[in-house]
Amino acid sequence: MDLDAYVSAHHAEWTRLGELTKRRRLTGAESDELLDLYQRVGTHLSVIRTSAPDPSVVQYLSTLLTRARTRALGARTSSWSDFARFFVVSLPVTLYRLRWWWLSIMAISFGAAAVIAIWVIRDPSVSSQIATPEEIKQLVDHDFADYYSEYAARDFAFRVWTNNVWVAAACVGGGILGFPVILMLWSNMLNLGLMAGLLISHGKAGVFFGLILPHGLLELTAVFVAAAAGLRIFWSWVAPGAMSRSASLGQTARSMMVVVLGLVIVLGVSGVIEAFVTPSGLPTWARVGIGLIAEAAFLVYVFTLGRRAERAGESADLSAEDRSAEAPVAG
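Since the model is a prediction, treat every value here as computed from it, not as a measurement.

Draft legend 1. Just helix H2 (residues 28–51), in detail. Given a rise of 1.5 Å per residue, 24 residues ought to cover 34 Å, and the 35 Å separating the end C-alpha atoms of H2 matches this to within 8%. The complete set of buried residues in H2 reads Glu-30, Ser-31, Leu-34, Leu-37, Val-41, His-44, Leu-45 and Ile-48.

See below:
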């Protein structure tokens, strides 16, 4: 093989790959180009090593591919600015732009739970269809409250967190079909409404709200956000607008991954509250107050930072063209 001719034929591609690896931010097209060039230059290196293993060319291409791999696969060291940008811009603006979805789901879900609770309270025959009188007495007098102190707080926090993250992930993952999200929401609200109705009808309203509100406000809000993300994914291919269904689905799913990462943290906070605050010896007003503060902090976070980022025209748009040009390549 004529090495000089081979180098001359492919030098432009090598130069272009070097240019892309040095750029701080890449557009979606440039990211695809980088990956394509990385594969081609890898083939070039293999050919040269086999047919004309010139040490200087091999070293040059090996170094170039290492830089390209680092750039393409995201093996770079994350800077504090990237970390801060996620929490200050990317997450709140995505939650803010999704607000009408999860606020609507929240209103409908709480409304459904309230209707079920009122039904149980006003119709004593409903209770008899749920369980025997002895089982219901055990539930309202002991089991409901004992659930929160059954395990050591640290173990309970982890159990609650993993369960809630699974529920949130199932909501988002099931979003492509739509109906699994509705079924999961219905199951949660049915259980909430039945439990509320049973305890309130047996004079345990203080126990119910005193144990549910500290962690439940933030926890359920996170579930509603996850459901909104899932249904938004579903709607992206049902009504894709000017985009193709696959492009709209792919873009929306990528945007919703920001929500998933954020909910892992939010559910971690609610899990800690459920494990350490809900069953604690604090007075009811203090426990409920902590829950209200946590919920208020989430809403302020979304509607303050999210609105600010929205007005600044930040990325993470849920309905326009993919604006990955404003985001660093992460593989």
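Draft legend 2. A look at the packing of aromatic side chains. Applying the stated criterion across every chain, the model contains 11 aromatic pairs. Where Phe-86 meets Phe-87, the ring centres are 5.0 Å apart and the plane angle is 90 degrees; that geometry is what we call edge-to-face. What makes Phe-87 partly exposed here is its relative accessible area of 24%. Three or more aromatic residues joined by ring pairs form one cluster here, namely Phe-144, Tyr-147, Tyr-148, Phe-208 and Phe-209. Looking at Arg-99, its charged tip hangs above the ring of Tyr-96, at a distance of 3.9 Å from the centre.

Draft legend 3. Focus on the packing of helix H10 (residues 205–238) against helix H11 (residues 245–276). Two elements in contact, H10 and H11, have axes whose closest approach is 9 Å; the angle formed by their N-to-C orientations is 175 degrees. Relative to H11, H10 is oriented roughly antiparallel. For the contact of H10 with H11, the class distribution of residues is 18 nonpolar, five polar and four charged.

Draft legend 4. Expanded view of a nonpolar patch on the surface. A cluster of nonpolar side chains, namely Ile-176, Leu-177, Phe-179, Leu-183, Trp-235, Trp-237 and Val-238, defines an oily patch on the protein surface of about 670 Å² accessible area. Sorting the residues of the nonpolar patch by element identifies helix H9 (179–201) and H10 as the ones contributing at least two each. Per-element tally for the nonpolar patch: the top contributor is H10, with three residues. Exposure remark for Trp-237: the relative accessible area of 31% places this residue in the partly exposed category.

Draft legend 5. Structural view of the nonpolar core. Ranked by size, the top nonpolar core spans 62 residues in total, and within it Trp-102, Val-259 and Phe-298 carry the most contacts. Of all the secondary-structure elements, those providing two or more residues to this core are helix H4 (80–97), helix H5 (99–122), helix H7 (133–146), helix H8 (153–173), H9, H10, H11 and helix H12 (284–311). For Phe-298, the contacting residues outside a window of four places in its chain are Leu-95, Trp-102, Leu-218, Thr-221, Val-225 and Val-266. One finds Leu-37, Val-41, Leu-61 and Leu-64 within the second-largest nonpolar core, a separate group that totals 18 residues.

Draft legend 6. Up close: the pattern of salt bridges. What the rule picks out here adds up to seven salt bridges. Here Arg-97 makes a salt bridge to Glu-310, at a shortest N to O gap of 2.2 Å. Residue Arg-97 is located in helix H4, and its partner Glu-310 is located in helix H12; the two are separated by 213 residues in the primary sequence. For Arg-97, a relative accessible area of 17% corresponds to the buried category. The shortest N-O distance in the salt bridge between Asp-141 and Lys-204 comes to 3.7 Å. Here Asp-141 is found in helix H7, whereas its partner Lys-204 is found in the loop between H9 and H10, with 63 residues between them in sequence.

Draft legend 7. Representation of H10 in the model. Its 34 residues give H10 an end-to-end C-alpha distance of only 42 Å, which falls more than 12% under 50 Å, the value for a rise of 1.5 Å per residue. Along H10, the sharpest kink reaches roughly 55 degrees, centred on Gly-216. The buried fraction of H10 is high, at 25 of 34 residues.

Draft legend 8. Examining the side chain of Thr-252 more closely. Within the fold, Thr-252 resides in helix H11. Within the local environment of Thr-252, its side chain forms a polar contact with the backbone oxygen of Ser-248, the two atoms lying 2.9 Å apart.

Draft legend 9. The environment of Leu-305, seen in detail. As for its placement among the helices and strands, Leu-305 is situated in helix H12. A relative accessible area of 18% means that Leu-305 is categorised as buried. Residues Leu-305 and Val-89, 216 residues apart in the sequence, show an inter-C-alpha distance of 6.9 Å. In this view, Leu-305 contacts Phe-87, Val-88, Pro-92 and Val-300; residues no more than four positions away in its chain are not counted.

Draft legend 10. Structural view of the environment of Phe-276. Within the secondary structure layout, Phe-276 lies in helix H11. Note on Phe-276: relative accessible area 44%, which makes it partly exposed. Sequence separation between Phe-276 and Tyr-148 is 128 residues; the distance between their C-alpha atoms is 9.2 Å. If near-sequence neighbours (up to four positions away) are discounted, Phe-276 is found in contact with Ala-153, Arg-154 and Ala-157.

Draft legend 11. Main features of the packing of H5 against H9. Running from amino to carboxyl end, H5 crosses H9 at an angle of 40 degrees, the nearest separation of the two axes being 7 Å. Judged on the interaxial angle alone, H9 and H5 are oblique. The hand of the H5/H9 crossing is right-handed. The residues of H9 that touch H5, namely those facing Ile-105, Ser-109, Phe-110, Ala-113, Ile-116, Ala-117, Val-120 and Ile-121, are Leu-185, Trp-186, Met-189, Leu-190, Leu-192, Gly-193, Leu-194, Ala-196, Gly-197, Leu-198, Ile-200 and Ser-201. Considered class by class, the residues forming the contact of H5 with H9 number 16 nonpolar, four polar and no charged.

What counts, and at which threshold
Residues numbered from 1 in each chain as written. Predicted model: local features only at pLDDT ≥ 70, side-chain atom pairs only at ≥ 80, totals over all residues. Heavy atoms only, no water. Helix = DSSP H or I, 4+ residues; strand = E, 2+ residues; numbered from the N terminus. Expected span 1.5 Å × (residues − 1). Buried < 20%, exposed > 50% of the residue type's maximum accessible area, 1.4 Å probe, protein only. Phe/Tyr/Trp six-rings, centres within 6.5 Å; stacked < 30°, edge-to-face > 60°. Lys NZ or Arg CZ within 6 Å of the ring centre and 35° of its normal. Axes fitted to C-alpha atoms, helices over the stretch in contact; angles between N-to-C directions. Parallel < 35°, antiparallel > 145°, perpendicular 65-115°, else oblique. Nonpolar A, V, L, I, M, F, W, Y, C, P; charged D, E, K, R; others polar. Patch = residues over 30% accessible without salt bridge, like charges linked within 9 Å, V, L, I, M, F, W, Y side chains within 5 Å. Areas by Shrake-Rupley, 256 points an atom, 1.4 Å probe, with all protein chains shown as cover. Salt bridge = Lys/Arg side-chain N within 4 Å of Asp/Glu carboxyl O. Core = buried A, V, L, I, M, F, W, Y, C linked by side-chain atoms within 4.5 Å. Contact = heavy atoms within 4.5 Å. Bend = angle between axes of the 7 residues up to and from the residue. Polar contact = N/O pair within 3.5 Å; in protein donor to acceptor, adjacent residues only side chain to side chain. Left-handed = near helix turned anticlockwise from the far one by under 90°.

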